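Examination of the molecular architecture
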Amino acid sequence: NADMVYVPTTSTTEYSVNIQSLTFGGIELLNWRDKARPNAIPAILDTGTTCLVIPDSFLGGRVLDRPYSKFQSIMTKGMSF
């Protein structure tokens, strides 16, 4: 059993929170360039959909790899989603 954890939302119009990490198959998709400072991107929480949207940019130079491109390369190696 785990205790309920409350996190602040980033918006007053949707349920979104800041995320610092996104992993798939144990592989980190958000490889932050500057690990010495706090990094995060907003993520919308929606229990009514199976949609997964991952950015495919370098986030203004904040990450070393494009997260969605990295996800696609993992998927081509036969890992199931």
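**Remarks on the overall build of the protein chain**
Each helix and strand in the protein chain was counted, giving one helix and four strands. Sequence-ordered secondary structure for the protein chain, helices as α and strands as β, is β-β-β-β-α. Overall, the protein chain is about 35 × 30 × 30 Å in size when its C-alpha atoms are taken along their principal axes. Taken over 81 residues, the protein chain has a buried fraction of 22%. Counting contacts in the protein chain only where the partners sit at least 6 residues apart, residues at least 24 apart contribute 47% of the total. Just so you have it, the protein chain exposes about 6,300 Å², and 55% of that area is on carbon and sulfur atoms. A gap of 11 Å separates the mean positions of the 7 positive and 7 negative side-chain charges of the protein chain.

**Things to note about the pattern of salt bridges**
Applying the stated criterion to the full structure yields one salt bridge. Lys70 is the salt-bridge partner of Asp65, the closest N and O atoms lying 3.7 Å from each other.

**Section: the pairing of strand E4 (residues 41-44)**
Residue alternation in E4 divides its side chains into a buried set, Ile41 and Ala43, and an unburied set, Pro42 and Ile44. In this structure, strand E1 (residues 16-19) lies alongside E4, joined through four bridges in antiparallel fashion. Looking at the pairing, Ile19 lines up with Ile41 of E4.

**Examining the environment of Gly25**
Of note, Gly25 is situated in the loop between strand E2 (23-24) and strand E3 (27-28). The exposed category is assigned to Gly25, whose relative accessible area is 53%. With 49 residues separating them along the chain, Gly25 and Ile74 place their C-alpha atoms 8.3 Å apart.

**Points about the packing of aromatic side chains**
Across all of its chains, the model carries two aromatic pairs by this definition. Judged by centre distance (5.1 Å) and plane angle (70°), the ring pair of Phe24 and Phe71 falls under edge-to-face. In this pair, Phe24 sits in strand E2 while Phe71 sits in helix H1 (residues 67-75), placing the two residues 47 residues apart along the sequence. For the residue pair Phe24 and Phe71, the accessibility class agrees, reading buried in each case.

**Some thoughts on H1**
Of the residues making up H1, those classed as buried are Pro67, Lys70, Phe71 and Ile74. Buried residues in H1, looked at end-on, bunch into an arc of 100°, giving them a common side. In this fold, the buried residues of H1 make contact with E2 and E3.

Thresholds applied
Residues numbered from 1 in each chain as written. Predicted model: local features only at pLDDT ≥ 70, side-chain atom pairs only at ≥ 80, totals over all residues. Heavy atoms only, no water. Helix = DSSP H or I, 4+ residues; strand = E, 2+ residues; numbered from the N terminus. Buried < 20%, exposed > 50% of the residue type's maximum accessible area, 1.4 Å probe, protein only. Contact = heavy atoms within 4.5 Å. Areas by Shrake-Rupley, 256 points an atom, 1.4 Å probe, with all protein chains shown as cover. Lys, Arg positive; Asp, Glu negative; His and termini not counted. Charge placed at Lys NZ, Arg CZ, Asp CG, Glu CD. Salt bridge = Lys/Arg side-chain N within 4 Å of Asp/Glu carboxyl O. Pairing = 2+ DSSP bridges. Phe/Tyr/Trp six-rings, centres within 6.5 Å; stacked < 30°, edge-to-face > 60°. Arc of directions from axis to C-beta.

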